[in-house]
Amino acid sequence: MEKEVKMEFTRPMLLSARVLVPKFYRYNFTQYHPRRGLMSYRTQPMNFHDGPLVWIDCEMTGLNPDKDKILEIAVLITDGDLNIVDDGVEYIIKTDKIYLDGMDAWCTKQHGESGLTEACLKSPHTKDYVSQAVLSYIKKWIPEQRTACLAGNSVHADRSFLVKEMPEVIDWLHYRIVGEIQHFIHVGPIGTARIVNANG
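For the chain, an unreviewed UniProt entry supplies the name Exonuclease domain-containing protein and the organism Tetrapyrgos nigripes. As recorded by UniProt, the Sequence similarities (unreviewed entry) comment attached to the chain reads in full: "Belongs to the oligoribonuclease family."

Right, here's the structure in full:
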């Protein structure tokens, strides 16, 4: 049996679409989050047959990977049934003021009002540190290289920045990506995805 739930994440909005999840969870224990509802966390790493997905959302100084920089990255890992392994990780990257001053009007307003611009100036985390921390987190749950797909909303844009700034993260993942998350409810092992319109 299946039931419909709405999975909500305040920052970043990685999984805001409606999804169908199994009524009975197969993992070791479940938790209830007041905003997210019934959660299921696992305790063992995943392999190819779990259909692992690495959800990544980035905030940047702009949309040009040749000159703009990643300011913030959040990572969430699920299996192919969208069961979450844990709360994920999020890092704000220390960024030189010259890049922040070069943002366009939209980014300047958006990141200024959210507090991200100031947080980037104060962050102790360098890009290299964050890259290694993210890779270590992914390896913890997905120890076999090129097993998990990169996933997210318009994640091709995030990927173009990751290729340039965190290539070791991209190199660990499968070359396929899963985007436009509002259109699927289940992704099995690579190549066996069942795609539907979750809004229908």
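> Can you tell me about the nonpolar core, naming the residues and giving the values?
Ranked by internal contacts, the top residues of the largest apolar core, which has 30 residues, are Val54, Ile56, Ile73, Ile77 and Ile138. Those elements that place two or more of their residues in this core are strand E5 (53–60), strand E6 (70–78), helix H4 (127–141), helix H5 (155–165) and helix H6 (167–172). At seven residues, H4 tops the list of elements feeding residues into this core. Contact partners of Val54, with chain neighbours within four places excluded, come to Val75, Leu76, Ile77, Ile138, Ile142, Ala148, Cys149, Leu150, Ala151 and Leu173. Within the second largest apolar cluster, nine residues are counted, among which are Trp55, Leu76, Leu82 and Val178.

> Quick one: what's the story with H5, residue by residue and with numbers?
For an α-helix, the turn length of 3.6 residues means that residues three or four places apart are oriented alike. Along H5, the positions that sit buried rather than exposed are Val155, Asp158, Phe161, Leu162 and Glu165. All buried residues of H5 project into a common sector of 120 degrees when viewed along the axis, lining one side. In the core, the buried residues of H5 are packed alongside E5, E6, H4, strand E8 (149–151), H6 and strand E9 (177–178).

> I'd like to hear about the sheet that holds strand E7 (residues 89–92), residue by residue, with values.
Pairing within the open sheet is mixed, and its five strands lie in the order E7-E6-E5-E8-E9. Among the strands making up the open sheet, the edge pair consists of E7 and E9. Sheet topology note: the E6/E7 ladder contains four bridges and is antiparallel. Across the sheet, residue Val75 finds its bridge partner in E7, namely Val89. Where H5 meets the sheet, its contacts fall on E5, E6, E8 and E9, and the angle it forms with E5 comes to roughly 80 degrees.

> Could you give an account of the pattern of salt bridges, with specific residues and numbers?
Per the stated rule, a full pass over the model turns up six salt bridges. Taking the shortest distance from any N to any O, the salt bridge between Lys109 and Glu113 comes out at 3.2 Å. Of this pair, Lys109 and Glu113 both sit in helix H2 (residues 105–114), four residues apart, roughly one helical turn. By relative accessible area, which is 51% here, Lys109 ends up exposed.

> Let's hear about the confidence of the model for the chain: which residues, and what values?
When pLDDT is low, close inspection of the predicted coordinates is not appropriate. Averaged over all residues, the pLDDT of the chain is 78; the fraction at 70 or higher stands at 70%. Low confidence marks residues 1–36, where pLDDT is under 50. Its contacts with residues over four positions away, or in another chain, come to 89 contacts. The low-confidence segment residues 182–200, where pLDDT is below 50, has 48 contacts with residues more than four positions distant or belonging to other chains.

What counts, and at which threshold
- Residues numbered from 1 in each chain as written.
- Predicted model: local features only at pLDDT ≥ 70, side-chain atom pairs only at ≥ 80, totals over all residues.
- Heavy atoms only, no water.
- UniProt positions renumbered as here; feature names shortened; annotations may be inferred.
- Core = buried A, V, L, I, M, F, W, Y, C linked by side-chain atoms within 4.5 Å.
- Buried < 20%, exposed > 50% of the residue type's maximum accessible area, 1.4 Å probe, protein only.
- Helix = DSSP H or I, 4+ residues; strand = E, 2+ residues; numbered from the N terminus.
- Contact = heavy atoms within 4.5 Å.
- Arc of directions from axis to C-beta.
- Pairing = 2+ DSSP bridges.
- Axes fitted to C-alpha atoms, helices over the stretch in contact; angles between N-to-C directions.
- Salt bridge = Lys/Arg side-chain N within 4 Å of Asp/Glu carboxyl O.
- pLDDT = per-residue confidence, 0-100.

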